[in-house]
Structure formats: C-alpha cells, structure tokens
Amino acid sequence: MKKSTIWVIAVVMGVSFIGLLLLQLSYMEEMAKMKKEQFDESVTRALYQASHNLELNETLRYLEKDVNDVERRAYTQDSIYVNGLDGSIQHSHQFAVSADDGTVYSAFELKTFTTKPASLPKAIIMRTDKNQLSETAKSFQEIVRKRYVYQKALLDEVVYNILYTASDKPLKERVNFKLLDHDIRQELLNNGINIPYHFTVSTVDGREVYRCPEYSEEGEELAYTQKLFLNDPSSKMGIVRLHFPEMNSYIYSSIRFMIPAVIFTVVLLITFVFTIVVIFRQKRYTEIKNDFINNMTHELKTPISSISLAAQMLNDDAVTKSPSMMKHLGGVINDESKRLRFLVEKVLQMSMFDRKTASFKKKELDLNELLEQVASSFNLRVEHTGGKITMEIEAVDSAIFVDEVHFQNAITNLMDNAVKYRKPDMPVNIHIRTWNEGEKLCFSIQDNGLGIKKENTKKIFDKFYRVHTGNVHDVKGFGLGLAYVKKIINLHEGDIKCESDLGKGTKFIVTLPLLEGER
C-alpha cells in the first residue's frame with residue numbers, strides 16, 4: 001500500500017474519531033448546563049418559599065400574642081331587665097374590646113328574647129316559644145356579623161403591631177434559625193433536591209448573625225442568596241446565603257452514563273493511532289529489510305564468487321597445480337569461508353537475542369587490558385591510513401564481570417565502525433579513554449570520521465538501520481553491528497550513548513557496573 005493512501009485513511013479515520021469524541025463531550029456539556037439551570041431554578045424557588053414561610057410564621061406569632069392580649073382586655077356584661085308595667089322580661093348580652101387609652105375597637109349587644117310569662121297560658125307560651133325560634137336564628141346571624149367585626153379589629157391591631165414593632169427588632173430575634181433550616185430542607189425536598197447544604201444569615205450591610213453548624217467554605221463561590229422580609233425597609237431586611245459543597249457531583253451525576261462511551265471512544269482513538277504508528281513502523285522495517293537483503297546479497301556475492309573461482313581453477317586441468325598455487329587457492333577458500341561464516345554468524349546472533357536464548361559465560365576481566373588488546377589488533381589497519389590510536393587510562397577500579405567473547409566483539413564493532421566510517425583520503429585517529437564515575441566504570445571510543453547527524457543518533461542502535469551516505473554499498477555491513485553492541489551492553493546491565501557532529505567525528509560512551517555490583 002502506498003504511503004499516501006495510508007495517510008488519507010489515517011486522516012479520515014482520525015477526523016471521524018475526533019469528531020465523535022467532540023460531539024460526545026459537547027452533548028455532556030449541554031446536559032450539565034441544562035441540569036445546572038434546573039438546579040438553580042429549583043433552589044431559587046425553594047429559598048423564596050422558605051422566606052415566605054418565615055414571614056408567615058412571624059405573622060402567626062404576633063397574631064397569637066395579640067389575640068391573647070386583646071382577649072385579656074375584652075370585657076362582657078350580661079343583664080336582665082324586668083318591666084314592672086306589663087311584667088315582661090328582657091335578656092341581653094354585651095361584648096366590647098377597648099385599648100389601653102379607652103378607645104373602643106368593637107362593641108355589640110345581643111337581644112335574646114322578651115317574654116311575659118305571667119299573662120300567657122301554657123298553650124300560648126308554647127306557641128310563643130315556636131315563634132321565638134325564628135327570632136333566635138336571626139340573633140345567631142347577628143352574632144356572626146358582630147364576631148366578624150371583632151376579628152377584623154383584632155387583625156387590624158396585629159397588622160399595626162407588625163408594622164411598628166416587628167421591624168424594629170434585631171434580625172437575630174426575628175428569625176427562628178432552626179425553623180428556617182427546616183423550611184429550607186423541606187422546600188428543597190419538594191423541589192427534588194436532597195444533597196447537603198450550608199447557609200448563613202446576615203444583615204444587608206454584611207454583618208453575619210448566624211452560621212449553620214459544620215459550615216464548610218467549599219463551593220461558597222457559587223452561593224445562592226435570598227432576601228428576608230422583602231416588604232420591610234431595605235435597611236431592616238436580612239439575607240440568607242445558601243451553598244452546596246457537593247453541587248458539582250450532583251450535577252455531573254446525571255451524565256455519568258456517558259463517561260463509558262467517552263472512555264471507549266478515547267480507547268478506540270488511541271488504538272487507531274497506535275495501529276497507524278505500527279503500520280508506518282512496519283513499512284519502515286520493510287524498507288530496511290529490503291535494504292538489508294540488498295546489502296546481504298552484495299556482501300555474500302564477493303566471497304561466493306571468490307570461492308567459486310578458486311574451485312574452477314582447481315577443477316581446470318589447464319591450470320598448473322603447483323604447490324604454491326594450491327596453497328594460494330586453499331588460503332582464498334579458507335579466508336572467504338571464514339568471511340561467509342562471520343556474516344552468517346552476525347545474523348544468527350541477532351536472531352538468537354530476539355528469541356532471548358543467549359547464555360553468557362561471565363568471568364572477571366580487566367577493562368583496561370581488554371581495551372589494549374583490541375586496540376593492538378587494530379593498530380595495523382589504523383596506521384595503514386596514516387593515523388594512530390591513543391589511550392588515556394584513568395580508571396583505577398577497572399575490574400568487570402562479563403562474557404569475554406561477546407563483550408570483546410562489542411568493542412571490536414565500535415573500533416571497526418571508527419575505521420570504516422572515516423573521511424576519504426584522510427588518516428583516522430582513535431582516542432580510547434577509561435575512568436571511574438561513582439560506582440560505575442566508563443570508557444569511550446572517539447574518532448575523527450564522517451560523523452552522524454543529530455537526528456540519526458537515536459536510530460543508529462536500531463536493528464538493520466544504516467545511515468544513508470548516497471550509496472548503500474560504499475561501506476560493507478547489514479546495519480546489525482551497533483544493534484548487537486547495544487544488546488550486549490544492556491544485557492551486562494550497562495548503558496551506551498552516542499555523541500556526534502556531522503563532519504567532525506563520533507564518540508561512543510559506555511557505562512558499566514563495577515565488579516562488586518555484578519557478583
């Protein structure tokens with residue numbers, strides 16, 4: 001598949017996933033906003049009703065108080081009047097309410113009935129009693145009317161007392177805080193809100209007169225306010241401030257069912273991105289593998305051609321088989337066979353490490369001596385270019401516990417790269433240094449070769465990776481050397497890093513644990 005096609009698919013799928021995720025988040029935001037508006041409306045309605053109930057309760061308290069006071073000031077008088085001329089008897093009932101200054105608020109007299117028992121026979125008296133039933137009914141109607149006048153007078157007095165007395169009292173005396181708390185809780189429940197709340201009561205000028213027990217300032221910035229005694233003068237009003245510490249949890253609880261959908265969408269998006277990364281990585285590995293196959297073909301072609309040519313000469317009867325010729329052809333076959341075996345062994349080594357089946361035969365070695373041995377084996381090649389190898393031995397504790405064969409191969413690969421990647425027609429100079437750093441043993445191999453671009457220094461330890469130089473066959477190799485070195489160093493619990501400047505040279509720094517840390 002072409003790279004452009006992969007990019008098109010990746011962009012389309014990525015935009016679709018991101019759009020779906022944004023749509024879900026937008027839907028959750030709208031739901032939370034709607035829930036918040038409903039919550040605000042419910043709390044505002046509950047606070048207003050609680051404030052109204054507070055005023056009603058105050059009115060009832062004054063009504064009870066004033067009714068008791070008025071009834072104590074009320075007086076009644078019953079009288080019976082006998083007319084001496086005709087012997088009639090008149091029964092009457094008087095009721096009146098007056099203030100302390102003598103002002104009469106209401107008074108009425110109820111005439112019950114008038115009778116002449118001495119002048120009427122029994123039969124007539126009985127008939128007269130029946131006639132008086134209608135008069136008694138009228139008297140009861142008169143009682144109700146007078147009672148209304150009385151009650152109205154009482155209420156008028158209560159209203160006057162509230163207007164001129166209640167508003168003059170301090171807010172702390174006017175408000176029953178426990179009753180206010182009960183009303184707020186009840187009204188919130190009536191509006192479908194059942195979460196903890198905290199409230200304070202203060203005056204208009206900000207003086208706090210009450211704070212509920214276990215008050216918490218969490219969520220105080222989102223407090224709801226309601227004025228108390230709205231019909232009083234503004235300076236006499238109170239303010240109740242209500243806030244909910246768990247309001248956010250309450251609001252977002254309504255959208256929790258959307259969270260799994262968002263999580264699954266994010267997981268799918270991450271999985272998709274990971275898949276695209278893997279596809280591009282595999283595509284890069286495929287390209288590297290193709291380069292590897294091309295390089296391997298070129299590398300194997302030379303020794304195979306040399307061995308084939310030597311075999312043809314041995315089988316050709318026209319060629320004189322002198323002892324020197326036979327020795328030369330045998331040496332060519334032997335050298336080229338070793339070269340083939342070395343190339344195959346490098347591939348098998350990496351395969352072995354990928355399967356994690358490598359086994360080490362560790363023993364105690366001296367790093368300084370090991371580096372000197374490897375350097376002496378490269379002296380001839382370096383001097384052939386006109387350069388030299390210098391060593392700076394500073395490590396005092398140089399004992400390491402490693403596998404001799406693999407570790408020596410790793411150092412050899414670093415030295416081999418320094419020689420191979422030298423500047424054309426220029427002598428190669430290699431500087432080797434050892435030193436101790438805390439509980440670590442370090443060494444570096446530095447050259448003055450071609451160098452590596454900084455963006456490539458992180459890739460050179462990847463398997464099959466080779467820095468492009470314009471001609472993939474100008475330097476022999478499979479891109480396995482540095483991957484092998486890093487693998488060996490890591491398996492010995494060490495670390496390797498590369499410092500390089502293009503055109504100035506490369507420096508490899510290796511850090512290893514001391515012998516005491518390995519035993």
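Please read these numbers as outputs of a predicted model, since none were measured by experiment.

Rules used throughout
- Residues numbered from 1 in each chain as written.
- Predicted model: local features only at pLDDT ≥ 70, side-chain atom pairs only at ≥ 80, totals over all residues.
- Heavy atoms only, no water.
- Helix = DSSP H or I, 4+ residues; strand = E, 2+ residues; numbered from the N terminus.
- Buried < 20%, exposed > 50% of the residue type's maximum accessible area, 1.4 Å probe, protein only.
- Contact = heavy atoms within 4.5 Å.
- Areas by Shrake-Rupley, 256 points an atom, 1.4 Å probe, with all protein chains shown as cover.
- Core = buried A, V, L, I, M, F, W, Y, C linked by side-chain atoms within 4.5 Å.
- Expected span 1.5 Å × (residues − 1).
- Arc of directions from axis to C-beta.
- Phe/Tyr/Trp six-rings, centres within 6.5 Å; stacked < 30°, edge-to-face > 60°.
- Lys NZ or Arg CZ within 6 Å of the ring centre and 35° of its normal.
- Axes fitted to C-alpha atoms, helices over the stretch in contact; angles between N-to-C directions.
- Left-handed = near helix turned anticlockwise from the far one by under 90°.
- Pairing = 2+ DSSP bridges.
- pLDDT = per-residue confidence, 0-100.
- Salt bridge = Lys/Arg side-chain N within 4 Å of Asp/Glu carboxyl O.
- Nonpolar A, V, L, I, M, F, W, Y, C, P; charged D, E, K, R; others polar.

On to the overall build of the chain, then. Counting its secondary structure elements, the chain contains eleven helices and 14 strands. Counting across all 519 residues of the chain, residues that qualify as buried make up 34%. Within the chain, contacts between residues separated by at least 24 positions form 69% of all contacts whose residues are at least 6 apart in sequence. Surface summary for the chain: the accessible area is close to 32100 Å², and the carbon and sulfur share equals 56%.

Moving on to the nonpolar core. With 39 residues, the main nonpolar core has Phe407, Ile411, Met415, Ile430 and Phe443 as its most contacted residues. Contributing elements (two or more residues each) for this core: helix 8 (367-384), strand 10 (399-403), helix 9 (404-420), strand 11 (430-437), strand 12 (440-447), helix 10 (481-491), strand 13 (495-501) and strand 14 (505-513). When near neighbours in sequence (up to four residues on either side) are disregarded, isoleucine 411 contacts Leu370, Leu371, Val374, Phe443 and Ile445. The next biggest cluster of nonpolar side chains, apart from the first, holds 35 residues, and it includes Leu54, Tyr224, Val240 and Val262.

With 14 residues, helix 4 (residues 177-190) extends 20 Å between its outermost C-alpha atoms, agreeing within 8% with the 20 Å of an ideal straight helix rising 1.5 Å per residue. The complete set of buried residues in helix 4 reads Phe177, Leu180, Asp183, Ile184, Glu187 and Leu188. The buried residues of helix 4 occupy an angular sector of 130 degrees when the element is viewed end-on, so they sit on one face. Away from its buried face, by an angle of more than 90 degrees, helix 4 presents the exposed residues Lys178 and Asn190.

Moving on, we come to the packing of aromatic side chains. Under the defined criterion, the tally for this structure stands at eleven aromatic pairs. Judged by centre distance (6.3 Å) and plane angle (75 degrees), the rings of phenylalanine 461 and phenylalanine 508 are edge-to-face. Placement of phenylalanine 461 in the loop between strand 12 and helix 10 and of phenylalanine 508 in strand 14 is noted, with a sequence separation of 47 residues between them. A connected cluster of aromatic rings, assembled from ring pairs, spans Phe39, Phe177, Tyr197, Phe199, Tyr210, Tyr224, Phe244 and Tyr250. The side chain of arginine 433 reaches across the aromatic face of tryptophan 435, ending 4.1 Å from its centre. Across the ring face of phenylalanine 461, the terminal group of lysine 486 is positioned such that the distance to the ring centre comes to 5.4 Å.

One can describe the packing of helix 8 onto helix 9 by two numbers: an axis separation of 10 Å at closest approach and a directional angle of 35 degrees. In this structure, the crossing between helix 8 and helix 9 has a hand that is right-handed. Contact with helix 8, carried on its side by Leu367, Leu370, Leu371, Val374, Ala375, Phe378, Arg381 and Val382, involves Phe407, Gln408, Ile411, Thr412, Met415, Asp416 and Val419 of helix 9 and no other residues of that element.

Looking now at the sheet that holds strand 4 (residues 198-203). The strand order 5-4-7-6 describes an open sheet built from four strands, whose pairing is antiparallel. Sheet topology places strand 5 (208-211) and strand 6 (224-228) at the edges, where each strand pairs with a single neighbour. Ignoring strand direction, the axes of neighbouring strands in this sheet form an average angle of 20 degrees. Direction of pairing for strand 6 relative to strand 7 (residues 238-243): antiparallel, over a ladder of five bridges. The residue of strand 7 that forms the bridge with tyrosine 224 is leucine 242. The strands touched by helix 4 within the sheet are strand 4, strand 5 and strand 7, with strand 4 carrying the most contacts at an inclination of about 130 degrees.

Moving on to the environment of valine 396. With respect to the element layout, valine 396 can be found in the loop between strand 9 (389-393) and strand 10. Take valine 396: its relative accessible area is 71%, and that puts it in the exposed class. When the C-alpha atoms of valine 396 and leucine 441 are compared, they prove to be 9.2 Å apart, with 45 residues separating the residues in sequence.

To continue, consider the confidence of the model for the chain. When pLDDT is averaged along the chain, the result is 77; 73% of the residues meet or exceed 70. Scored below 50 in pLDDT, residues 122-130 shows three contacts in the model against residues more than four places distant or in partner chains.

Taking burial as the measure, the six residues of strand 4 include six buried ones, the bulk of the element. Because side chains alternate across strand 4, one face comprises the buried residues His198, Thr200 and Ser202, and the other comprises Phe199, Val201 and Thr203, equally buried. When strand 4 meets strand 7, the two strands line up antiparallel, connected through six bridges. The partner of threonine 200 across the bridge, within strand 7, is arginine 241.

What follows is about the pattern of salt bridges. Considering all chains together, one arrives at eight salt bridges under this definition. Across the pair arginine 45 and glutamate 41 runs a salt bridge, and its minimum N-O distance is 3.5 Å. Placement of the pair is arginine 45 and glutamate 41 together in helix 1 (residues 3-73), with a separation of four residues, close to one helical turn. Among the salt bridges present, the one from glutamate 404 reaches lysine 363, with a minimum N-O distance of 2.5 Å. Remark: lysine 363 occurs in strand 8 (residues 362-366) and glutamate 404 occurs in helix 9; sequence separation between them is 41 residues.

Examined against the element boundaries, lysine 3 turns out to sit in helix 1. On the basis of relative accessibility, which here comes to 47%, the residue lysine 3 falls in the partly exposed class. Each C-alpha atom, one on lysine 3 and one on isoleucine 279, is 9.9 Å from the other, the two residues being 276 residues apart in sequence. Beyond its immediate stretch of four places on either side in the chain, lysine 3 contacts Phe280 and Lys283.

Let us look at unusual backbone geometry. Although it is not a glycine, glutamate 214 adopts a positive phi angle of roughly 55 degrees. With respect to the element layout, glutamate 214 can be found in the loop between strand 5 and strand 6. You will see that glutamate 493, though not glycine, has its phi angle at about 60 degrees, which is positive.

Look at helix 9 against helix 10: their axes get within 9 Å of each other, and the N-to-C directions meet at 140 degrees. Pair helix 9 / helix 10 crosses with left-handed handedness. For the pair formed by helix 9 and helix 10, the contact residues are His406, Phe407, Asn409, Ala410, Asn413, Leu414 and Asn417 on the first element and Gly481, Leu482, Tyr484, Val485, Ile488 and Ile489 on the second. Counted by class, the contact of helix 9 with helix 10 contains eight nonpolar, five polar and no charged residues.

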